[in-house]
Amino acid sequence: MDFVQNFPAISILLCLFAGIISSGLKSKAAKYVNTALIIVVAVLSACTLFYVLNTGEAFVYVMGKFPAPWGNEIRAGVLEAFMALFFCIIMLLSMFGGRKKLVDEVEESKTFLYYVLTNLLLSSLLALVYTNDLFTAYVFVEINTISACGLIMIRQNGRTIEAAARYMIMSLLGSGLLLMGICMLYDLTGHLLMSNIKEQVTIIASSGEYGIPLLVTIALMSVGLAIKSALFPFHAWLPDAYGYSTVSSAAILSSLVSKGYIFLLIKIIYRVIGFDIFGASEIIDVLFIFGLMGMIFGSLSAIKENDVRRMIAFSSVAQIGYIYMGIGMGTQDGMAASVFHILSHAATKSLLFIAAIGLTDVSAGSRKFIDLTGAAYRNKWAGVAFTVGSLSMVGVPLFSGFISKLLFAQAAVQVNGKMLPALIVLGISTILNAIYFMKTVIRIYTPIETDQYSSITFKNMKLYAVTLVCFIVLNVILGVSSQPIVDLIGQGLAMFS
Amino acid sequence: MSRLKPQKEYEKTGAFHFFRWLSGSKDPYLGEVEMKPQKEVEITEATIIERMNEKQMIRDKVYDVKHNRQLLFFDRIYVASAILFCVILVGLLLYTVSYLPKTGNPTNPDNNEVSERYIESGLQETGALNIVSGMILTYRAFDTFGETNVLFIATCCVMVLLMVDDAILKKQEVKNDRRYEPKNDAILQGTAFVLCPIIFIFGIYVILNGHLSPGGGFSGGAILGAGLILYVSAFGFKKTQRFFNEHIYKIAKITALCMYGIIGSYFYILGANGIENHIPLGTPGHILSGGIILPIDICVGLEVACTMYAFYALFRRGGL
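A quick note: this is a predicted structure, and the numbers were derived from the prediction, not measured. (Residues numbered from 1 in each chain as written. Chains lettered and ligands numbered in written order. Predicted model: local features only at pLDDT ≥ 70, side-chain atom pairs only at ≥ 80, totals over all residues.)

Our next topic: the overall build of chain B. Counting its regular elements, chain B contains twelve helices and zero strands. Relative to the globule expectation of 20 Å for 320 residues, the C-alpha radius of gyration of chain B, 29 Å, shows a markedly less compact shape. Each principal axis of the C-alpha distribution contributes one length, and for chain B these read about 80 × 80 × 45 Å. Counting every position in chain B, which comprises 320 residues, the buried fraction comes to 26%. Restricting to contacts in chain B with at least 6 residues of sequence separation, those with at least 24 account for 73%. (Helix = DSSP H or I, 4+ residues; strand = E, 2+ residues; numbered from the N terminus. Rg over C-alpha atoms; globule rule 2.2 N^0.38 Å. Buried ≥ 20, exposed ≤ 12 C-beta atoms within 10 Å, placed from the backbone. Contact = placed C-beta atoms within 7 Å.)

Spelled out as structure tokens, the structure:
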């Protein structure tokens, strides 16, 4: 076995160790440990990615000396390694972007806990990405949920506590449904390992013996993960959780936490249930319809919103709707478009959250639209970044959002019956996106004659500005040279089955 | 009754105290124990009105019910729709369960090679008489490491929520600590004096015998934590802090988790690379057997005890 194959396991364990050790460190040391950890994990993931690309096939890694159905296993393919690398990059940038703000928002003596939570969150994300075992996935879903709650409520004001409580209730409901699904699946197949379950599920499905329990299991798992990733009717927890938490938390939650669950769902579809069996069930249509509804209603709520951060949060509901629409199409192309949209949304939404905080800071901390007038002149870097993020969300060429919309449209054309609704809703949603994002961009670029606000220059926000530039570059890379990434995703999805 | 000893000397013996207690002429606790009756909450018209005003204020201010039509509508249909939803879900799940394989049927899908190997060769492969311990700490050790981290992160979250760091507030919390309870409750102290050592020893026994008999790190740790909580509620934080303060708590927690992580990583990585690890399995049934199970049980026990105690202390006064 090659040494590189140890890297996925090592990166998960490193994150857990870093979390444990950080709990005994001072804030400053914890900060350095966190940064170093994310960089190391990113390097390890990149090595894994190159290794897997070279060998051209996924490998499984047995955690311990007992092989598969008895022991735990993790698995790394192209898509897993790429996702891990991408998550690390986004997390690093999000942490950098919110670093200065963190001092104001979190009590000094509790800052080290912030880094503990982040480290463990990263470990759970990596485990969700790499796992080949449903129960391991469940355990790390729990870690993910609890650390996300902590990240929301570490900024101690009434709204965040309420948001955290709401998030916890909804999220635990989702975990409960997922657990029920896993239990039923275990009862039907007698395995917890993904590849073994898939063998058994194929046999069950072809014999038609346990048709109803299998359908309910698929429903429970899909709905459970949909609740956790804020698909449309289950999104009630989202605006407060993203709108009031610290900026790094909002960026991480919107771009990574919900994406981790969606990735797990994709993994379950491919590696547990089987793509064809999932496609033949009615659940896929339900996800499709919920996705379409989310695209419209999320945007409508965002238009009505008068608070810029809550508006961005509601826009997430619409974007999650896109992803589920792609999953709901039931084709390889739709799935590939969804995975690309995971990347593009993660890169854009964290950029928007971080840019928005720069704009509100130079407007005396107010998040109302009327106060944001001319904010882009007071903080030029944030203004440009916000514009780029908005253009990408709307789907203007050159930026990542355009490619994902193009991929969705191309995928939709090939699907019988779902083509028309998908294309129509895609069009409507794009217009709605344009309404609220362009409204904000015009607002922040409207000149205003007043000196009641202070402006900020590059000197006072070097790290912040550099982070924004990195985000913009990431967005443009995703938008301009999308073909290699799309190929990579296709290759990764092919490796799944 | 004739007495051999003079009255004064007799009054010093235990027999005198015992008979005095038996006859009820003196209650040893009277005057020794600080009696602190709980204050009854006064319910007057004013407090009721105040409470109702508060409730109304929350509705008006936080949720803005007057202007938010959606919320008002939502309020009305909420209960009905919640009940309806639950009933539908329960019915659906019951319906599904009726299609699942019947319990105890030997041809069920879950009676397969997985459980067969756990039961048949679990003893040789893990060295643990307690198959459940062997399963969760050897075959599926990675999951259990994750579970332990769930506990760890739960403490972190409670700390985020409840830890008091402001110096003035902290002093106040410490001062208010005994608001509702008497100090040095002799009955509680007497009971704790007898019970605590037994509970500690029993907890340690359960942890150390995790691989031989029912029990293990999680249950033993919970017993230890309960003992600590009993001790602290009987003797107060000052006495507890002599042997278990925040510093020691941190050291114990981090050491336990790190040890678990190191043992676990050693086991996973060596096992995955096909290298034989040098942890002897020992003779099944002996106390020093079971390979990695015993040290991991000790680590998990420490972590669980720390977590239980930390929860109690944080909820009680916002700090250890």
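Continuing now.
Here we take up the overall build of chain A. For chain A, the helix and strand inventory stands at 21 helices and two strands. Taking 497 residues into account, the globule formula puts the C-alpha radius of gyration at 23 Å, and chain A, at 22 Å, falls close to it. Expressed as lengths along the three principal axes of its C-alpha atoms, the size of chain A is roughly 75 × 55 × 45 Å. Counting every position in chain A, which comprises 497 residues, the buried fraction comes to 63%. Put simply, of all contacts in chain A between residues at least 6 apart along the chain, 79% involve residues at least 24 apart.

With that settled, consider the interface of chain B and chain A. With 42 residues of chain B at the contact, the number on the chain A side is 51 residues. Elements that contribute at least two residues to the side of chain B that touches chain A include exactly helix H5 (113–126), helix H7 (141–162) and helix H11 (246–272) of chain B. Sort the elements by how many residues they give to the side of chain B that touches chain A and H7 of chain B lands first, with 15 residues.

For the rest of this paragraph, the subject is the packing of helix H17 (residues 380–394) of chain A against helix H19 (residues 419–444) of chain A. Residue and element names in this part refer to chain A. At a minimum axis distance of 9 Å, the contact between H17 and H19 shows a crossing angle of 170°. Our classification of the angle between H17 and H19 gives roughly antiparallel. The residues of H19 that touch H17, namely those facing Gly383, Phe386, Thr387, Ser390, Met393 and Val394, are Thr430, Asn433, Ala434, Phe437, Met438, Thr440, Val441 and Ile444. (Axes fitted to C-alpha atoms, helices over the stretch in contact; angles between N-to-C directions. Parallel < 35°, antiparallel > 145°, perpendicular 65-115°, else oblique.)

So, about the domain arrangement of chain B. In terms of domains, chain B is made up of domain 1 (1–30), domain 2 (45–97) and domain 3 (130–317). Its C-alpha centre places domain 1 of chain B at a distance of 45 Å from the equivalent point of domain 3 of chain B. (Domains from an automatic or database assignment.)

All names here are of chain A. If you look at the biggest cluster of nonpolar residues, it comprises 242 residues, and the most contacted ones within it are Cys15, Met91, Ala355, Ala385 and Leu468. Here this core takes 18 residues from helix H11 (residues 247–273), the largest share from any one element. In this structure Leu468 touches Ile354, Ala355, Trp381, Ala382 and Ala385, once residues within four positions along its chain are discounted. (Core = buried A, V, L, I, M, F, W, Y, C linked by C-beta atoms within 7 Å.)

With that settled, the discussion passes to the environment of Lys418 of chain A. Residue and element names in this part refer to chain A. Note on placement: Lys418 falls in the loop between helix H18 (400–413) and H19. Residue classification places Lys418 among the buried residues on the basis of 22 C-beta atoms within 10 Å. Distance in space between the C-alpha atoms of Lys418 and Ala81 is 32 Å, their sequence separation being 337 residues. Setting aside residues up to four positions removed in sequence, Lys418 forms contacts with Phe288, Met329 and Ala412.

Take the environment of Tyr249 of chain B next. Residue and element names in this part refer to chain B. Along the chain, Tyr249 falls in helix H11. Since 19 C-beta atoms lie within 10 Å of it, Tyr249 is described here as partly exposed. C-alpha separation for the pair Tyr249 and Ser121, spaced 128 residues apart in sequence, amounts to 39 Å. In this view, Tyr249 contacts Phe244, Cys306, Ala310 and Leu320; residues no more than four positions away in its chain are not counted.

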